[in-house]
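Chain residues, written in single-letter form:
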Amino acid sequence: MAIKSSIHIKPCNTKSSEAHNRRTAEYMRNIGESKIYIVSELSADNEQWVNPDFGNPNLQTHYDNIKRMVKEKTGRAMQEKERERKGKNGKIIKVAGCSPIREGVLLIKPDTILADVKKFSEECQRHWGITPLQIFLHKDEGHWLNGQPDAEDKESFQVGEKWFKPNYHAHIVFDWMNHNTGKSQKLNDDDMMQMQTLASDILLMERGQSKAVTGKEHLERNDFIIEKQKAELQRIDETKRHKEQQVNLAEQELKLVKSEIRTDKLKSVATDAATAIASGVGSLFGSGKLKELERTNEDLHQEIAERDKGIDTLKTQMRQMQEQHDKQIRNLQGIHNQELEAKDREISRLNTLLGKAFKWFPMLREMLRMEKLCAVIGFTKDMIDCLLTKKEAIQCNGKIYSEEHRRKFEIKNDIFKVEKNPTDDSKLVLTINKQPISEWFKEQWEKLRRGLRQPAEEPRKSRGFKL
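Residues numbered from 1 in each chain as written. Predicted model: local features only at pLDDT ≥ 70, side-chain atom pairs only at ≥ 80, totals over all residues. Heavy atoms only, no water.

**Here's the deal with the overall build of the chain**
Part 1 of the argument: In terms of helices and strands, the chain carries 12 helices and 18 strands.
Part 2 of the argument: Taking all 467 residues of the chain together, 32% fall into the buried category.
Part 3 of the argument: In the chain, 66% of the contacts between residues at least 6 apart in sequence involve partners at least 24 apart.
Part 4 of the argument: Here the chain has roughly 31300 Å² of accessible surface; of this, 50% comes from carbon and sulfur atoms. (Helix = DSSP H or I, 4+ residues; strand = E, 2+ residues; numbered from the N terminus. Buried < 20%, exposed > 50% of the residue type's maximum accessible area, 1.4 Å probe, protein only. Contact = heavy atoms within 4.5 Å. Areas by Shrake-Rupley, 256 points an atom, 1.4 Å probe, with all protein chains shown as cover.)

The structure is reproduced here in structure tokens:
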């Protein structure tokens, strides 16, 4: 059976994604000795790639950088949490939070290489503007079979005494943001269908059916394994019921044969003919139909007992799997809490250093205030560097933003400079043509208001009387 292409994209959990994808030592310890879905001997076949333009390879650091970028580009904080708003019809609509980093799980073939998946991710970037940050090929995951595979199963292989069905796939971590606008890329259902078609073309796989056709939801890794085990348990239960029906039929047939034998005994007499009948009955008990039925019945009972034992073993494995999954979640939560505590300590230390810096360098606070003001107005990093570090004036054209008036005002060859406040040497002020920027914004706002008010205040001309 040909492997069908499939890609499932969801918000990336920056706290745990890299630990799973990189197979860190801490992550492998948390899984436990049973290695529920990973065969360590196959991990050497895994491959990975990190975008060289990524900068810091830590996903959480990149996430924080995106938050700052969104604030700089849009002037608003990035909406991370789900929120509610009222629609035009009065109904409450839930609006999902922004997911700037997303992770796609892509099905691949056993012979798929990193270059194939990299080409697919580059095509995604060209089509939809989503930037690949990391790629991981996993060829060591799957699930254990309860017994031997079916005849048509050509993928499963034996590891020790057990059979393992591999799940070859790749993880692609995308930056989902447009860094020019500070907004998230918008992909609809048609885009996702085109992405699946693109995957089948590049990876030379049969195209899978979309969720809109099948109606099936994607299952997470551990849920998928549990569902497989439940299906196997259901199959065993059905086999057990079939065998029990066979046993009942055999017992009924056995009772019927015994009843016939008793009837024959009552009809027999103490003659040579009766002796012959008794001999025939003895033969029936020893090697005839009755003995065969009893042997078949015994075999069926033995098989049912073995099935019951297998079901109990499977239930134990499922319980252990759930316990190990819960333990893994608790361990990851513990690691996350430790990271939060470490960050809190680091923030406290930095706040102490910042307090000392403000005390040792009184103008530092003013420099930071000027930097924030320049960023809100719309100056670039280089422009801010000229104003604050080099202490040079800059000449600009275009539009600058006023946070107070919540609008942009046009400038033409105007000169900007950061100077000391003439009334307070401990303060700094941003000037435009040697005028404080706040006063200049106020003047532009008054001009705009007068321009809007003037047409409304013109007196209406008299049309006289018409006879």
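**A short note on the pairing of strand 6 (residues 101-107)**
Part 1 of the argument: Relative to strand 6, strand 2 (residues 7-11) runs antiparallel, the two sharing five bridges. The partner of histidine 8 across the bridge, within strand 6, is valine 105.
Part 2 of the argument: The pairing of strand 6 with strand 11 (residues 169-175) spans seven bridges and is antiparallel. Paired with glutamate 103 across the strands is valine 173, a residue of strand 11. (Pairing = 2+ DSSP bridges.)

**Re the packing of aromatic side chains**
Part 1 of the argument: In this structure the tally under the stated criterion is seven aromatic pairs.
Part 2 of the argument: With centroids separated by 5.9 Å and ring planes inclined at 55°, the aromatic side chains of phenylalanine 157 and phenylalanine 164 adopt a geometry described as tilted.
Part 3 of the argument: Aromatic pair phenylalanine 409 and phenylalanine 441: ring centres 5.7 Å apart, planes at 40°, arrangement tilted. Linking phenylalanine 409 in strand 16 (residues 407-421) with phenylalanine 441 in helix 12 (residues 437-457), this pair joins segments that are 32 residues apart in sequence. Residue phenylalanine 409 shares its accessibility class with phenylalanine 441, and that shared class is buried.
Part 4 of the argument: Aromatic ring contacts, followed pair by pair, group Trp144, Phe157 and Phe164 into a single cluster. (Phe/Tyr/Trp six-rings, centres within 6.5 Å; stacked < 30°, edge-to-face > 60°.)

**Section: the state of the cysteines**
Part 1 of the argument: Across all of its chains, the model carries zero disulfides by this definition.
Part 2 of the argument: Left without a disulfide partner, cysteine 374 is nearest to the cysteine sulfur of cysteine 396, which lies 9.8 Å away.
Part 3 of the argument: This cysteine, cysteine 396, is not joined by any disulfide, and cysteine 386 carries the nearest cysteine sulfur, 9.7 Å off. (Disulfide = S-S within 2.5 Å.)

**Brief notes about the sheet that holds strand 10 (residues 162-166)**
Part 1 of the argument: What the three strands build is an open sheet, ordered 8-10-9; its pairing is antiparallel. What marks the edges here is a single partner per strand, and that holds for strand 8 (142-144) and strand 9 (157-159). Each strand axis lies, on average, 40° off the axis of its neighbour in the sheet, ignoring direction.
Part 2 of the argument: Sheet topology places strand 9 next to strand 10; three bridges connect them, and they run antiparallel. Bridging from a neighbouring strand, phenylalanine 157 pairs with phenylalanine 164 of strand 10. (Axes fitted to C-alpha atoms, helices over the stretch in contact; angles between N-to-C directions.)

**A short note on unusual backbone geometry**
Part 1 of the argument: Phi at asparagine 413 is positive, roughly 50°, even though this residue is not glycine.
Part 2 of the argument: Mapped onto the secondary structure, asparagine 413 falls in strand 16.

**Points about the environment of glycine 398**
Part 1 of the argument: Checked against the element boundaries, glycine 398 lands in strand 15 (residues 394-402).
Part 2 of the argument: In this structure glycine 398 comes out as partly exposed when scored by relative accessible area, which is 31%.
Part 3 of the argument: The spatial distance from the C-alpha of glycine 398 to the C-alpha of lysine 408 is 9.6 Å, given a sequence separation of 10 residues.
Part 4 of the argument: Residues contacting glycine 398, with those up to four places away along its chain left out, are Phe409, Glu410 and Ile411.

**Regarding the pattern of salt bridges**
Two side chains with opposite charge may pair up if their charged atoms get near one another.
Part 1 of the argument: The final tally for this structure, using the stated rule, is 13 salt bridges.
Part 2 of the argument: Where arginine 23 meets aspartate 140, a salt bridge forms, and the shortest distance between an N and an O atom there is 2.8 Å. Placement of the pair is arginine 23 in the loop between helix 1 (17-22) and helix 2 (25-31) and aspartate 140 in the loop between strand 7 (131-138) and strand 8, with a sequence separation of 117 residues.
Part 3 of the argument: Accessibility expressed as a relative area gives 13% for arginine 23, which makes it buried.
Part 4 of the argument: Of the charged contacts, one joins arginine 349 and glutamate 346 as a salt bridge, the two residues approaching to 2.6 Å between their closest N and O atoms. Residue arginine 349 and its partner glutamate 346 are located together in helix 9 (residues 289-360), separated by three residues, close to a single helical turn.
Part 5 of the argument: Arginine 349 gets classed as partly exposed once you look at its relative accessible area, which sits at 44%. (Salt bridge = Lys/Arg side-chain N within 4 Å of Asp/Glu carboxyl O.)

**Some remarks on the sheet that holds strand 17 (residues 424-432)**
Part 1 of the argument: The strand order across the open sheet built from four strands is 15-16-17-18, with neighbouring strands paired in antiparallel fashion. The outermost strands of the open sheet, each flanked by one partner alone, are strand 15 and strand 18 (435-436).
Part 2 of the argument: Here eight bridges tie strand 15 to strand 16, and the two strands are oriented antiparallel to one another. Counted as the bridge partner of isoleucine 400 is phenylalanine 409 from strand 16.
Part 3 of the argument: The strands that helix 10 (residues 364-377) touches are strand 15, strand 16 and strand 17; relative to strand 17, the one it contacts most, it runs at about 15°.

**Some remarks on helix 4 (residues 114-128)**
Part 1 of the argument: Compared with an ideal rise of 1.5 Å per residue, which puts 15 residues at 21 Å, helix 4 spans 21 Å between its outermost C-alpha atoms and is within 8% of the ideal.
Part 2 of the argument: Taken as a whole, helix 4 has its buried residues at Leu114, Val117, Phe120, Ser121, Glu123, Cys124 and Trp128.
Part 3 of the argument: Packed against the buried residues of helix 4 are strand 2, strand 3 (47-50), strand 6, strand 7, strand 11 and helix 5 (189-203). (Expected span 1.5 Å × (residues − 1).)

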